[in-house]
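Each chain, letter by letter, is given below.
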Amino acid sequence: MTILAKSSTASLDKNQARQVAAGNLYAGENLDPVSACYIKLSDGLVYMSDGAFNNEAAKFHGFTPQAYKIGEPVTLFGAGSRFKYGSGMTPGTTLYIAATDYYSGVLDTAATTGDTKGVAFAVSATDIVCCRTDPKNG
């Protein structure tokens with residue numbers, strides 16, 4: 001298990017972006033750029049995902065293209081979207097929602113209790129592509 005360090009310049013590749021959710025969608029917390037996120041059932045707001053447990057916080061509805069402050073309108077991007085994420089990744093590696101209390105929304109190279117399927121894969125040493133957006137099974 002290796003939690004991937006996110007680049008300070010993490011960003012969406014606008015040439016390969018697939019919007020999955022926008023409009024009347026707002027940040028329930030400060031959201032980091034290129035963070036795995038879910039829409040919370042009780043308030044309809046967007047939060048960063050955490051794979052520590054098989055619960056609502058482990059759901060995945062999409063990645064943020066940029067940072068958002070609490071209360072700001074949010075757009076999420078999903079399957080097929082490409083992002084600059086980090087460095088030193090091995091192409092083809094499946095990436096999972098990390099199980100961590102310190103850095104929600106980040107990715108791990110190993111399956112976690114909350115994410116056994118993976119949400120992205122590395123396509124280069126620096127870039128990832130979202131391979132799953134599954135609101136029902138998260």
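Just above sits the structure.
Conventions and cut-offs
- Residues numbered from 1 in each chain as written.
- Predicted model: local features only at pLDDT ≥ 70, side-chain atom pairs only at ≥ 80, totals over all residues.
- Heavy atoms only, no water.
- Pairing = 2+ DSSP bridges.
- Helix = DSSP H or I, 4+ residues; strand = E, 2+ residues; numbered from the N terminus.
- Contact = heavy atoms within 4.5 Å.
- Phe/Tyr/Trp six-rings, centres within 6.5 Å; stacked < 30°, edge-to-face > 60°.
- Buried < 20%, exposed > 50% of the residue type's maximum accessible area, 1.4 Å probe, protein only.
- Lys NZ or Arg CZ within 6 Å of the ring centre and 35° of its normal.
- Core = buried A, V, L, I, M, F, W, Y, C linked by side-chain atoms within 4.5 Å.

In this structure, strand E3 (residues 36–39) lies alongside strand E5 (residues 62–63), joined through two bridges in antiparallel fashion. By the bridge assignment, alanine 36 is partnered in E5 with phenylalanine 63. Taken together, the three bridges between E3 and strand E4 (residues 46–48) define a ladder with antiparallel strand orientation. Looking across to E4, one finds that isoleucine 39 is bridged to valine 46. The antiparallel pairing of E3 with E4 creates a hairpin that spans six residues between the two strands, and glycine 44 there sits at a positive phi of about 70 degrees.

Backbone hydrogen bonds are what pair the strands of a sheet, in a parallel or an antiparallel way. Strands sit in the order E1-E7-E11-E10-E8-E9 across an open sheet of six strands; the sheet is antiparallel. Two strands close off the open sheet at either side, each with one partner strand: strand E1 (11–12) and strand E9 (107–108). Where strand E8 (residues 94–97) lies against E9, two bridges are found, and the strand directions are antiparallel. If you follow isoleucine 97 over to E9, its bridge partner there is leucine 107.

By the element assignment, serine 104 lies in the loop between E8 and E9. Sequence separation between serine 104 and cysteine 37 is 67 residues, and the spatial gap between their C-alpha atoms is 8.8 Å. When sequence neighbours within four positions are dropped, the list of residues in contact with serine 104 reads Met48, Ser49 and Asp50.

Moving on to the packing of aromatic side chains. Going through the model one piece at a time under the given rule, you end up with three aromatic pairs. Ring geometry for phenylalanine 63 against phenylalanine 83: centres 5.2 Å apart, planes inclined by 50 degrees, an arrangement best described as tilted. Of this pair, phenylalanine 63 sits in strand E5 while phenylalanine 83 sits in strand E7 (residues 82–84), placing them 20 residues apart in sequence. For the pair phenylalanine 63 and phenylalanine 83, one class covers both residues: buried. Among the aromatic residues, ring-to-ring pairing joins Phe60, Phe63 and Phe83 into one connected group. Cation over ring: lysine 40 sits above tyrosine 47, and NZ or CZ is 5.1 Å from the ring centre.

Moving on: the nonpolar core. Counting residues in hydrophobic clusters, the biggest one holds 21 residues, and the most contacted among them are Phe63, Tyr85, Leu107 and Ile128. Residues within four places of leucine 107 in sequence aside, it is in contact with Thr2, Ile3, Leu4, Phe63, Tyr85, Leu95, Tyr96, Ile97, Ala98, Val119 and Ile128. Listed in part, the 10 residues of the second largest apolar core include Leu31, Cys37, Tyr68 and Val74.

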